[in-house]
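Observations on the three-dimensional arrangement
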Amino acid sequence: MKPSSLSLFKFLRTRDSPLLRIRTMTQTSNPSQVRDDLLCSDQQQQSDAHIEKPLETAPASIDTRVEQAWAHWKKLGRPKYIVAPMVDNSELPFRLLCQKYGAQAAYTPMLHSRIFTETDNRNKEFTTCEEDRPLFVQFCANDPDTLLEAAKKVEPCCDYVDINLGCPQRIARRGNYGAFLMDNLPLVKSLVEKLAQNLTVPVSCKIRIFPNLQDTLNYAKMLEDAGCSLLASDWGAIKEVRNALRIPVLANGNVRCIEDVEDCIKETGVEGVLSAETLLENPAVFAGFRTTEWAKGSEEEEGYVDGGLDQGDLVVEYLKLCEKHPVPWRMIRSHVHKMLGDWFRVHPQVREQLNAQNILTFEFLYGLVDQLKELGGRVPLYKKRKIDTLQESPQKDLEN
């Protein structure tokens, strides 16, 4: 039984998340925002791959596709710690920063397939490099041919092309994509089939759940049958979805620390876990670091010590990556705000300096971090105290 459009919309609104808001790629009259939309460097080295007209092939049997899905996933090392897709926040420099601190795979921000094929904005919204793997490139779409055209442009430089079937925002409703395609399952099926039959890389899907569990399971099975090679779903039904499917399944959301990831995998049997909001504040979470909130507020508070790393250090590392891999200033501004949030609460006057700065520069931002450190009140990230000298560190465990 499929929920009505009205009931589904009400349901999605109750599960709204600010991390999934989509920016429209239109002109704005706000001078500050215009400047923030500029790249932090004028270097743009991306070019389109040569695109040939695809030849549709007959779909393989379900057994063959499942076998291929697992072979590909195992070839990538079966990553467990994954950076979730975040609009304006899971861009290349941030993905690389998370990767340094334990992330084993990452999604790009959601890209609008039609806009991606029609404009040059893709040079700003999508960048990658050799180290940026395994990589999921995520698109929203409601037209199979347009989606395929966009997917072909990124096919040579990613490990999955992901279809966003979970965005619940009003802009997704107006644009008829994301979770609002749940009322048009034949269209969803055609999107997956189009990519699965015409790409050399696997297709993955990130979904929201229906209010009714059986509807969710039927939905997931339909995607698997259509050619989806990997599925990411909410924790609310993840164990049941994992048990119902034969392809790899990932859990999405609600990760506060590395122990949450391990608990989820153990309890549900999923292959890995996506993290979003926690990583924005603490990109080192997959290396076992915790913020003060989650270290001092835990039942094991006495077991955590200063890990020798703080968010100011992470901001500096992030800025250096941005100098090497330019992205729009609006993304940099957003990350600086989130990573230095604890410090700004101690020194709000420094936050106001950032808010008042219409034209950002790296010199200004490095100076901002130096100023916070000179003012004192350092806010460290914490790690579990080692029980004995033979215990491996979380970072070493991740590298293994």
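Report follows, based on the coordinates. Just so it is clear, the model here is predicted, and its values are computed rather than measured. (Residues numbered from 1 in each chain as written. Predicted model: local features only at pLDDT ≥ 70, side-chain atom pairs only at ≥ 80, totals over all residues. Heavy atoms only, no water.)

Some words on the overall build of the protein
Quick note on the threshold: In DSSP terms, a helix is any run of H or I states spanning at least four residues, a strand is any run of E spanning at least two, and both are numbered starting from the N terminus. Using a 1.4 Å probe on the protein chains alone, a residue whose accessible area is under 20% of its type maximum counts as buried, one over 50% counts as exposed, and one in between counts as partly exposed. Contact criterion: two residues are considered in contact whenever any of their non-hydrogen atoms come within 4.5 Å of each other. Note that accessible areas follow from Shrake-Rupley with a 1.4 Å probe, and for residues the cover is restricted to the protein chains shown.
A count of helical and extended segments in the protein gives 20 helices and eleven strands. Burial analysis of the protein (400 residues in total) assigns 56% to the buried set. Counting contacts in the protein only where the partners sit at least 6 residues apart, residues at least 24 apart contribute 73% of the total. Accessible surface, the protein as shown: approximately 18400 Å² in total, 48% of it carbon and sulfur.

Details of helix α16 (residues 329-339)
Given 3.6 residues per helical turn, the α-helix brings residues three or four places apart onto the same face. Along α16, nine of the eleven residues are buried, which leaves the element largely enclosed by surrounding structure. For α16, every residue scored as buried is listed here: Trp-329, Arg-330, Met-331, Ile-332, Arg-333, Ser-334, His-335, Val-336 and Met-339.

Focus: the pattern of salt bridges
As a reminder of what qualifies: What counts as a salt bridge is simple: a side-chain nitrogen of Lys or Arg found within 4 Å of a carboxyl oxygen of Asp or Glu.
Counted by the stated rule, this structure contains 20 salt bridges. The closest approach of N and O atoms between Asp-310 and Arg-378, which form a salt bridge, is 2.7 Å. One end of the pair, Asp-310, is in strand β10 (residues 304-310); the other, Arg-378, is in the loop between α19 (362-375) and β11 (380-384), and 68 residues separate them in sequence. By relative accessible area, Asp-310 is classed as buried at 2%. Residues joined in a network through salt bridges with shared partners are Asp-306, Asp-310, Asp-313, Lys-373 and Arg-378.

Re the environment of Ala-106
Examined against the element boundaries, Ala-106 turns out to sit in strand β2 (residues 105-107). Taking C-alpha positions, Ala-106 is 8.2 Å from Asp-132, a pair spaced 26 residues apart along the chain.

Here's the deal with the side chain of Glu-317
Assignment of secondary structure puts Glu-317 in helix α15 (residues 311-324). When neighbours within four sequence positions are excluded, Glu-317 is seen to be in contact with Leu-97, Lys-100, Tyr-101 and Leu-309.

Observations regarding the packing of aromatic side chains
Our working rule: Put simply, two rings from Phe, Tyr or Trp (the six-membered ring, in Trp's case) pair if the centres are within 6.5 Å, and we call them stacked under 30 degrees between planes, edge-to-face over 60, tilted for the rest. Only Lys NZ and Arg CZ are tested; either one counts as a charge over a ring when it is within 6 Å of the ring centre and within 35 degrees of the ring normal.
By the definition in use, this model includes eight aromatic pairs. Residues Phe-210 and Tyr-219 carry aromatic rings whose centres are separated by 5.4 Å and whose planes lie at 85 degrees to one another, so their mutual orientation is edge-to-face. The structure contains a cluster of three or more aromatic residues connected by ring pairs, namely Trp-73, Tyr-107, Phe-136 and Tyr-160. The lysine or arginine in question, Lys-383, covers the ring of Phe-289, its NZ or CZ lying 4.6 Å from the ring centre.

Let's talk about the side chain of Arg-95
Inclusion rule: What qualifies as a polar contact is a pair of N or O atoms within 3.5 Å, subject to a donor-acceptor requirement within protein and to the restriction that residues adjacent in sequence count only when both atoms come from side chains.
Looking at where Arg-95 falls in the secondary structure, it is placed in helix α4 (residues 92-100). In terms of polar contacts, Arg-95 uses its side chain to reach the backbone carbonyl oxygen of Thr-127, at 2.9 Å. With sequence-adjacent residues up to four places away left out, Arg-95 is seen in contact with Ser-90, Ala-106, Tyr-107, Thr-108, Pro-109, Thr-127, Thr-128, Asp-132 and Leu-135.

Notes on the packing of helix α7 (residues 144-154) against helix α9 (residues 185-196)
Each pair of packed helices can be summarised by the angle the axes make with each other and by the distance between the axes. Just so we agree on the cut-off: For helices, the fitted line uses only the C-alpha atoms of the stretch in contact; every axis is such a line through C-alpha atoms, and the angle between N-to-C directions lies from 0 to 180 degrees. Handedness of a crossing is defined here by the sense of rotation of the near helix relative to the far one, left-handed for an anticlockwise turn of less than a right angle and right-handed for a clockwise turn. Throughout this entry, Asp, Glu, Lys and Arg are counted as charged residues, while Ala, Val, Leu, Ile, Met, Phe, Trp, Tyr, Cys and Pro are counted as nonpolar. The remaining residues, Gly among them, count as polar.
Contact pair α7 / α9: the axes reach a minimum separation of 9 Å and the direction vectors enclose 35 degrees. Where α7 crosses over α9, the handedness of that crossing is right-handed. Residue-level inspection shows Pro-144, Asp-145, Leu-147, Leu-148 and Ala-151 of α7 in contact with α9, the latter providing Leu-187, Ser-190, Leu-191, Lys-194 and Leu-195. Split by residue class, the contact of α7 with α9 holds seven nonpolar, one polar and two charged.

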